Amino acid sequence: MTRVRPWANCAALCLVAALGPAVAAGQELPPEVQVDLYLVRAERHIQNQDWAAALEALDIVLLLQADQGMETPSQLWFTHARAALEAGFPDTAITSATRYLQEVGREGQDYQSALVILDEAMSRAQGDPAPAPREPDPASSSEPARVAEPARAANPVPAAESEPAVEPAGPTGGLTVLFPLVAMNASTMAFTTSGPGTIGASQVIGVGGGFGVAFPVSGRYGVQIGAQFAQKGAGMTLSVGDVAANADVTFENVDFTALARISVLPAANLPLYTLIGPYASFELDCRLVLDASAGTGRFTSSDDCRNANIDTQLIDFGVTGGVGIEVGTGETRITAGLLYSHGIQDIDKYVGDTARHRVLNIHAGVARTF
């Protein structure tokens, strides 16, 4: 089944808020009337062969229907596919034509025409690397939206880690437990997209906490494993043409790390370590907050990412590196560290667009050697 691009919905919601008087002005027209209005507008643009404008209007129709729980007629997917192909967005045409064919099968009145559109779109997609496209993609579960998509986020988001360097500064050099550990995460996300819109990513601050266990292997070398709760995400400025809006996406994850620990300054009371290794992260929750304005109208929304059509991978992984330090003598010491996590996994399930975590983690706690 097809899915809506996870981040396209942000731009789509902003367009609904900023484009078109019926939506931007507030609640003046019922959702069903707004849908009819944009359908009339799309038909007018189609007759004038202004395919980009027609596609924009159809995108808003799909979004309104999904947001209000209205059923999307199968024929609308065909019209959307045709407009997308004519406007120069073959990937979007493939998604919508596929949705139409899935729903009507061989009995659809435009079955043959849909096959022609799908074949042409696939040929174009394979032949050219899509010209500055913005692909909205109708969601498989009736939650579409094809509006411009985050173009590439300069900075991007996070995968936090919270393991301070740990190496007992005591005489025994045995197993060391780091608990409790408290952390602060400065995170962002790295985006790429085939869409025409742009996204400027900024950092968000989150908290974390967990524990670590370190044990020596040989000489200066050891291993540190750990787990922590981590808040991650990114602040985004979405730009689609002359429309701009702000959006924040925040995640709550449980991160697990397995890090090599290397002693670089074996001073008795100031052991310093470097840490490097992989991490795996499991998403517990995700929320999206949108804030857009156009003229005197304003649109705000806060919802669970799934309800907002942001479909992400629940498991993330990447690499982590940094330094840790312990202060004090004896079996119990103060520990602190700085870790940077670079997400490798693309958490955006939409093919063609990517979103990856970037997290700077600062942590402190207690290290006790046993």
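Use the structure listed above.
Criteria and thresholds
Residues numbered from 1 in each chain as written. Predicted model: local features only at pLDDT ≥ 70, side-chain atom pairs only at ≥ 80, totals over all residues. Heavy atoms only, no water. Phe/Tyr/Trp six-rings, centres within 6.5 Å; stacked < 30°, edge-to-face > 60°. Helix = DSSP H or I, 4+ residues; strand = E, 2+ residues; numbered from the N terminus. Buried < 20%, exposed > 50% of the residue type's maximum accessible area, 1.4 Å probe, protein only. Lys NZ or Arg CZ within 6 Å of the ring centre and 35° of its normal. Patch = residues over 30% accessible without salt bridge, like charges linked within 9 Å, V, L, I, M, F, W, Y side chains within 5 Å. Areas by Shrake-Rupley, 256 points an atom, 1.4 Å probe, with all protein chains shown as cover. Salt bridge = Lys/Arg side-chain N within 4 Å of Asp/Glu carboxyl O.

Q: Honestly, the packing of aromatic side chains in this entry has me stumped. Any pointers?
A: The description of an aromatic ring pair rests on the distance of the ring centres and on the angle between the ring planes. Per the counting criterion, the structure on display carries 2 aromatic pairs. A ring pair is formed by F78 and Y100, whose centres lie 5.5 Å apart and whose planes are at 50 degrees; its orientation type is tilted. Of the two residues, F78 sits in helix 5 (residues 74-87) while Y100 sits in helix 6 (residues 90-104), which places them 22 residues apart along the sequence. In this structure, F78 and Y100 share a single accessibility class: buried. Arranged with centres 5.7 Å apart and planes meeting at 75 degrees, the rings of F256 and F282 form a pair that is edge-to-face. Linking F256 in strand 5 (residues 243-267) with F282 in strand 6 (residues 270-294), this pair joins segments that are 26 residues apart in sequence. By relative accessible area, F282 is classed as partly exposed at 34%. Between R220 and the ring centre of Y221, over which it is positioned, the NZ or CZ distance is 5.8 Å.

Q: Explain a nonpolar patch on the surface to me, please; I cannot follow it from the model alone.
A: A cluster of nonpolar side chains, M184, I205, V323, L338, Y340, L360 and I362, forms an exposed patch at the surface whose accessible area comes to about 600 Å². The set of elements that each furnish at least two residues to the nonpolar patch consists of strand 9 (332-343) and strand 10 (354-369). Among the secondary structure elements, L360 is positioned in strand 10.

The analysis is restricted to geometry; functional conclusions fall outside its scope.
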